[in-house]
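Architecture and fold: a report
Given next are the chains, with one letter for each unit.
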Amino acid sequence: MTDTDALRNAKRSTRIDAWCGYTMEAPPVSAMPVSGGTINMMEYLLQGSVLDQSLESLLHRLRGLCDNMEPGTFQDHEMVFLLKGQQGSPFVLRARRSMDKPTMPWHLRYLGQPEMGDKSRHALVRNCVDIATSDNLMEFLLEMGFRLDHEFVAQGHIFRRGSMKIVVYKIFRLLVPGSTDSIEALSLSYLVEVSVVAPAGQDVISEEMRNFAEQLKPLVHLEKIDPKRVM
Amino acid sequence: MQVRAEGPRSTQREEKQLENSIDVLINQVGDLKKSLASFIYKLENEYEHLTWPSVLDSFALLSGQLSTLNKMLKNDKTPLLRNQVIIPLILSPDRDEEIMRVTEGRVPVFSHEVVPDHLRTKPDPEVEEQEKQLTTEAARLTPDVALKQIQSLNKMCSSLLEKINKEERESESGGLRQNKSTFNPADTSALVAAVTFGKGLSNRRPTGPGGSSVGGQPNSAGMMSSGPTLQQVQISMGQNQQQMSGVAMSQPGQPGKMVSNIKTNIKSASMHPYQR
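Residues numbered from 1 in each chain as written. Chains lettered and ligands numbered in written order. Predicted model: local features only at pLDDT ≥ 70, side-chain atom pairs only at ≥ 80, totals over all residues. Heavy atoms only, no water.

**Notes on the overall build of chain A**
The test is simple: The helix count covers DSSP runs of H or I at least four residues long, the strand count covers runs of E at least two residues long, and both are numbered beginning at the N terminus. Should any heavy atoms of two residues lie within 4.5 Å, those residues are counted as being in contact. Residue burial considers only the protein chains on display, and all accessible areas are found by Shrake-Rupley using a 1.4 Å probe.
Regarding its fold elements, chain A presents five helices and nine strands. Helices and strands appear in chain A in the N-to-C order α-β-α-β-β-β-β-α-β-β-β-β-α-α. Taking all contacts inside chain A whose residues are at least 6 apart in sequence as the whole, residues at least 24 apart take part in 65%. Carbon together with sulfur atoms contributes 51% to the accessible area of chain A, which is approximately 11,000 Å² in total.

In structure tokens, the structure reads:
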């Protein structure tokens, strides 16, 4: 706890080099790209949804299309933390813990501003940094001055096809803050996401993703969805 | 084999042509038989998880093979098979291994008992008898009665056709509806907004008023870099026209993230977000 106390005092000029070896700049953050190690990793993303009653058909098709691995299920609790500065948009970090596999490390994720790009790029691209952390991550973030903005439970299925990750999951709202015991589904659909994490500039991947998305039509329409449009 | 195909005054060339076309026919009939067998196998053994598309596939295959066979028979190059005469030369009550093999065990002997059945070119005697009865009956009808019967038959056929067409149209549109209902674009937007911005997730205000101020208020206050006027405008919009507010604010030109974050909080407070 002494470490975190010291960090709390230093939160204005936050430079957390010692922490997991990643550099992060707090406000104004938007001006500074966040890099994971030496390579700038980007997440390519396509999103869509499927109604509950068509979930089985989609899973069936994914089992056929994806790599021959044991199809996995997951149940995660994601908490989104904000660190606000005096100006600029707040700095957002996402902490995720597995509910069904409690021994797994927590997962801390930074996502940058999504870029739509032009028509030639078929997927949404955003900067991303992924770190595995210990289970006292939440205390650490709160001590640093982050505030919990919202949280949800994601429960669903995960598939892999080459470098592509396909997740089909339902989002649940927490009825009591912080307690995952009573949850309520957000909608009657499952969110479907196809993503690839790759070094920046590998737009060929988006082509591959589009081809894969074509194979899921008309069951699911995976698109690059501009988050600004759905707000 | 004891059967020989003989054409009257057939030349060498014609005979060869006949042989070729018979070979082709045998092949095609063999293919047809194979697909029939596999279809029957499918029906008998996989009926539990047989899907309609796969049954349709099998039907398509069969009908394709049948039509090729028909085309082949009608082809100019195929000699008219009806001009060929097949006569049994030897009948034997003994078991014939060769015929057993070519008929796959269906015909063990080529005797006087089975030959009339297999080489028959006319309908069965019972069928012939029935046909004769029908012909005499038809001849006895007066033209008036026949006309009436034709008319009623036509009427029935047309009403039946209408019914079938109607059914077809309905099932088609039903199929379309089913296709469309696998996903809902509105749900996609809602879910993406939820994972990206937490829209509709902060359920604190409706459940507990105590927690609400912690979750919502400082949050929107923190975003308020554009001044209080904007907040008031957005709040009144959000409360007066709950559904409309989404449309109004998604218009381009509105300040991006801050506005909608405020809207998010208002929306979740003023209405149940789980609304469809």
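**Thoughts on the pairing of strand S1 (residues 41-51) of chain A**
For a regular strand, side chains alternate in direction, first toward one face of the sheet and then toward the other. Residues and elements named next belong to chain A. Defined as follows: Three exposure classes are used, based on accessible area relative to the maximum for each residue type with a 1.4 Å probe and protein chains only: buried under 20%, partly exposed in between, and exposed over 50%. A strand pair is defined by DSSP finding two or more bridges across the two strands.
The element S1 is extensively covered by neighbouring structure, given that ten of its eleven residues are classed as buried. Taken together, the eleven bridges between S1 and strand S9 (residues 189-199) define a ladder with antiparallel strand orientation. Within S9, the position partnered with Glu43 by the bridge is Val197. Sheet analysis places S1 next to strand S5 (residues 124-133), joined by four bridges and oriented antiparallel. By the bridge assignment for S5, Met42 is matched with Asn127.

**A few points about the packing of helix H1 (residues 12-45) of chain B against helix H2 (residues 52-74) of chain B**
Residue and element names in this part refer to chain B. Spelled out, the test is: Axes, fitted as lines to C-alpha atoms, cover a helix only where it is in contact. Angles between the N-to-C directions of the axes lie from 0 to 180 degrees. Orientation labels follow simple angle bins: below 35 degrees gives roughly parallel, above 145 gives roughly antiparallel, 65 to 115 gives roughly perpendicular, and whatever is left gives oblique. In a left-handed crossing the near helix is turned counterclockwise from the far helix by less than a right angle, and in a right-handed crossing that turn is clockwise.
Between H1 and H2, whose axes approach to 10 Å, the crossing angle comes to 165°. The angle between the axes of H1 and H2 places the two elements in the roughly antiparallel class. Crossing of H1 over H2 shows left-handed handedness. When H1 is examined against H2, the residues Ser21, Val24, Leu25, Gln28, Val29, Asp31, Leu32, Ser35, Leu36, Phe39 and Lys42 are found in contact with a partner set consisting of Ser54, Val55, Ser58, Phe59, Leu61, Leu62, Gln65, Leu66, Thr68, Leu69, Met72 and Leu73.

**A look at the environment of Glu128(B)**
Relative to the helices and strands, Glu128(B) is located in helix H5 (residues 125-140). Beyond its immediate sequence surroundings of up to four residues, Glu128(B) is in contact with Lys122(B) and Pro123(B).

**A word on the side chain of Thr188(B)**
The line we're drawing: Contacts described as polar in this section are N or O atom pairs within 3.5 Å, which, within protein, must combine one atom able to donate a hydrogen with one able to accept it, while residues neighboring in sequence count only if both atoms come from side chains.
Position of Thr188(B) relative to the elements: it lies in helix H7 (residues 185-197). Here the side chain of Thr188(B) touches Ser49(A) through a polar contact of 2.7 Å, side chain to side chain. If near-sequence neighbours (up to four positions away) are discounted, Thr188(B) is found in contact with Gly48(A), Ser49(A) and Ile225(A).

**Digging into unusual backbone geometry**
In this structure, Glu104(B) is a non-glycine residue whose phi angle is positive, near 55°. Looking at where Glu104(B) falls in the secondary structure, it is placed in the loop between helix H3 (97-102) and helix H4 (115-118).

**Observations regarding the pairing of strand S4 (residues 106-111) of chain A**
Residues and elements named next belong to chain A. Judged by how many residues are buried, S4 sits mostly within the fold: five of six residues are covered. Relative to S4, strand S3 (residues 91-98) runs antiparallel, the two being bridged by three bridges. Residue pairing for S4: Ala95 is matched across the bridge by Leu108. The pairing of S4 with S5 spans six bridges and is antiparallel. Bridging from a neighbouring strand, Leu111 pairs with Cys128 of S5.

**Quick notes on the packing of aromatic side chains**
Rules: Note on ring pairs: Phe, Tyr and Trp rings are taken, using the six-membered ring of Trp, and paired if centres are within 6.5 Å. Classes follow the plane angle, with under 30 degrees stacked, over 60 edge-to-face and the rest tilted.
For the coordinates displayed, the defined rule picks out four aromatic pairs over all chains. On the numbers, 5.4 Å between centres and 15° between planes, the contact of Phe91(A) with Tyr110(A) is stacked. With Phe91(A) in strand S3 and Tyr110(A) in strand S4, this pair connects stretches of sequence that are 19 residues apart. This pair shows no difference in class: Phe91(A) is buried, exactly as Tyr110(A) is. Each ring, one from Phe39(B) and one from Phe59(B), has its centre 5.3 Å from the other, and the planes form 65°; the classification is edge-to-face. You can see Phe39(B) sitting in helix H1 and its partner Phe59(B) sitting in helix H2, a full 20 residues away along the chain.

**Remarks on the nonpolar core**
All names here are of chain A. Inclusion rule: By nonpolar core is meant a set of buried Ala, Val, Leu, Ile, Met, Phe, Trp, Tyr and Cys residues that side-chain atoms within 4.5 Å join together.
By size, the foremost hydrophobic cluster in this structure holds 29 residues, and its most contacted members are Tyr44, Leu58, Leu62, Met209 and Phe212. Elements that contribute at least two residues to this core include exactly S1, helix H2 (55-65), strand S7 (164-176), S9 and helix H4 (204-215). Excluding residues within four positions of it along the chain, Leu62 makes contact with Phe159, Ile166, Val168, Phe212 and Leu216.

**Things to note about the environment of Asp130(A)**
Residues and elements named next belong to chain A. Among the structural elements, Asp130 can be located in strand S5. Considered as a pair, Asp130 and Val197 are 67 residues apart in the sequence and their alpha carbons are 9.9 Å apart. A polar atom in the side chain of Asp130 sits 2.8 Å from the side chain of His107. One polar contact links Asp130 to Arg109, side chain to side chain, over a distance of 2.6 Å.

Taken by themselves, the reported measurements are silent on function.
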